[in-house]
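Topology and contacts: notes
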2 protein chains.
Amino acid sequence: MKKYLEILRKCPLFFGIEDESLIKMLDCLGARVESFDKKYTVFAEGTPAKYIGIVLSGSVKIIQIDYYGNRSILSSVFPSEMFAEAFACANTRSMPVSAVADEMSEIMFIDCDHILHTCQNNCGFHQQLIYNLMKDLANKTLMFHQRIEITSKRTTREKLLTYLSIQAKSAESSVFDIPYDRQELADFLEVERSGLSSEIGKLVKEGVIKNKKNQFEIL
Amino acid sequence: MKKYLEILRKCPLFFGIEDESLIKMLDCLGARVESFDKKYTVFAEGTPAKYIGIVLSGSVKIIQIDYYGNRSILSSVFPSEMFAEAFACANTRSMPVSAVADEMSEIMFIDCDHILHTCQNNCGFHQQLIYNLMKDLANKTLMFHQRIEITSKRTTREKLLTYLSIQAKSAESSVFDIPYDRQELADFLEVERSGLSSEIGKLVKEGVIKNKKNQFEIL
DNA sequence: AAAAATATGTTGATTTTTCAACAAAAGGAG
DNA sequence: CTCCTTTTGTTGAAAAATCAACATATTTTT
């Protein structure tokens, strides 16, 4: 597990925990690591939630596919970040989303029960982990509010511009990369791919933005 | 505070806490109660988050108004339920939403810092409250996923039907009331009011649903 | 390097939403 | 009960999104 220390240290679940404790803790929590090839499903919609996922390398996308086959992309998860923690904590019987590896990825799984309930060793770190989980869930809620700010806009153009300006702000630069290709961006913004493509074209022509592949610049 | 006991007992923040402890606890937490007339703002977008709100009577709506004045309704909050807890826990400097009293309402406010940090009396209940907050935030996340399931649909009809079927399921009955008038429902579903009205009309005509004011029945 | 597969851009027809304006209905105040 | 206000329904024109189909570009595989 030591080789993942660099990444795990930055995971919000382990905030305020010393390296030495962290290593021991992982053992006690029964953490295990699995690898997933590109496009492989890390967990599938409809299955019960039990484990918290932590991306160690690569990246994962959280997606939701409805009755008619329409895909929504909820988020992109990068190294040090957690996913599925809300479902694991809430003990959801059937997860409303799937997680798919975006590239070759290593994922750490931790049984949420091991975090929430004291173990036989009576480890003292559970309180800290619960506190950290609570903070993380509060931040995730903020993320959802941001997403609503984007998707509640009524036109493709407004959704796109709202998304791009949020990205620029969080990158603290007017030039930034986005983690989505065109289809994925469309599925994130809840719009049509072809309409999105042409809207990007228009904005470039109008001199509002510059774009090359996944890199955007707001002018 | 005793007169609110019935309501507070059912609040997820106080899950697993005995009545006697609860009463003492409120004192220690510096809980205070305020009344709001119908349509009054409980807290405004843009202000810093500090307090968790608990509805004691009446009800509150959480809304977001964008740059162009378009309103989104995020949720309705009823007695025993909390609101703004995610912002308070995350220490948000500027809240992305407002809360408005839907009718004459009494709201209890608790400073989130008093929950998260041990007080001078060294009360032993902080851990339980943090745990409860964590559970609550996990459940709120599930709510957001449900909302995305609804608003990601592309047509007014599909959004409405998805919303109604979720409501029916949670009411465990094909007949149920919704907490929104037409304009509010439109702002929740992120659609146009007039289009929503006519869509409801069509569904009734087609025999898919019955509707009288805020009461719906799925046939 | 060529071939195959995937991703992106473009277009026009069709569907749906939005917008604005007004009529009808319901609710509240005096 | 009547007047006034608010909510809801209805309509048609305009704007925008969706859909389908295809051309082009890019990436991956062989």
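These numbers come from a predicted model, not from an experiment.

Bringing the packing of helix α6 (residues 156–171) of chain A against helix α7 (residues 182–189) of chain A into the picture now. Residues and elements named next belong to chain A. Between α6 and α7, the shortest axis-to-axis distance is 10 Å and the interhelical angle comes to 100°. When the axis of α6 is compared with that of α7, the two are roughly perpendicular. Facing α6, whose interface residues are K159, L160 and Y163, α7 presents L185, F188 and L189. Class assignment of the residues belonging to the contact of α6 with α7 gives a composition of 5 nonpolar, no polar and 1 charged.

So, about the sheet that holds strand β1 (residues 32–36) of chain A. All names here are of chain A. Across the sheet, which stays open at both edges, the 4 strands sit in the order β1-β8-β3-β6 with antiparallel pairing between neighbours. What marks the edges here is a single partner per strand, and that holds for β1 and β6 (82–83). Two strands pair when backbone bridges link them, and strand β3 (residues 51–57) and β6 are joined in this way by 2 bridges, in the antiparallel orientation. In the strand pairing of β6, G53 is matched with F83.

Bringing the protein's contact with DNA strand D into the picture now. Near DNA strand D, the surroundings consist of 13 residues, among which T156 and E192 of chain A together with R182, R193 and S197 of chain B are the closest. Within the backbone of T156 of chain A, one N or O atom sits 2.4 Å away from a phosphate oxygen of DNA strand D. When contributions to the surface near DNA strand D are tallied by element, the ones reaching two or more residues are α7 (182–189) and α8 (193–205) of chain B. Looking at the surface near DNA strand D, the element that brings in the most residues is α8 of chain B, giving 3 residues. Per-class residue counts for the surface near DNA strand D are 1 nonpolar, 6 polar and 6 charged.

Before going further, it helps to examine the relation of the copies chain A and chain B. The transform that puts chain A on chain B rotates by 180° and translates by 0.0 Å along the axis, for an RMSD of 0.0 Å. Taken together, the rotation and translation describe the operation of a two-fold axis. Proximity to the rotation axis, assessed at the C-alpha, singles out M134 of chain A in chain A; its C-alpha lies 2.2 Å from the axis.

Residues and elements named next belong to chain A. Each assigned domain of chain A is listed with its residue range as follows: domain 1 (2–143) and domain 2 (153–218). For domain 1 and domain 2, the distance between their C-alpha centres works out to 29 Å. In this assembly, 9 residues from domain 1 lie in contact with 7 residues from domain 2. Both faces considered, domain 1 and domain 2 share a buried interface measuring about 640 Å² in area, 46% of it formed by carbon and sulfur atoms. Of all residues in domain 1, K61, R71 and I73 give up the largest surface area on contact with domain 2, accounting jointly for 65% of the area buried on that side. Across the contact surface, domain 1 and domain 2 share 2 salt bridges. D187 is the salt-bridge partner of R71, the closest N and O atoms lying 2.5 Å from each other.

Here we take up the pattern of salt bridges. As enumerated under the stated definition, the model contains 26 salt bridges over all chains in all. Of the charged contacts in the structure, one is a salt bridge between D19 of chain B and R9 of chain B, with a shortest N-O distance of 2.3 Å. Residue D19 of chain B is located in helix α2 (residues 19–29), and its partner R9 of chain B is located in helix α1 (residues 5–9); the two are separated by 10 residues in the primary sequence. A relative accessible area of 35% means that R9 of chain B is categorised as partly exposed. Between R157 of chain B and E206 of chain B there is a salt bridge, and its shortest N-O distance comes to 2.8 Å. Here R157 of chain B is found in helix α6 (residues 156–171), whereas its partner E206 of chain B is found in the loop between α8 and β10 (209–212), with 49 residues between them in sequence. Among the charged side chains, a network of salt bridges with common partners joins E6, R9 and D19 of chain A.

Scoring rules and cut-offs
- Residues numbered from 1 in each chain as written.
- Chains lettered and ligands numbered in written order.
- Predicted model: local features only at pLDDT ≥ 70, side-chain atom pairs only at ≥ 80, totals over all residues.
- Heavy atoms only, no water.
- Axes fitted to C-alpha atoms, helices over the stretch in contact; angles between N-to-C directions.
- Helix = DSSP H or I, 4+ residues; strand = E, 2+ residues; numbered from the N terminus.
- Parallel < 35°, antiparallel > 145°, perpendicular 65-115°, else oblique.
- Contact = heavy atoms within 4.5 Å.
- Nonpolar A, V, L, I, M, F, W, Y, C, P; charged D, E, K, R; others polar.
- Pairing = 2+ DSSP bridges.
- Near = heavy atom within 4 Å.
- Polar contact = N/O pair within 3.5 Å; in protein donor to acceptor, adjacent residues only side chain to side chain.
- Least-squares fit on C-alpha atoms with pLDDT ≥ 70 in both.
- Domains from an automatic or database assignment.
- Buried area = accessible area lost by both parts, 1.4 Å probe.
- Salt bridge = Lys/Arg side-chain N within 4 Å of Asp/Glu carboxyl O.
- Buried < 20%, exposed > 50% of the residue type's maximum accessible area, 1.4 Å probe, protein only.

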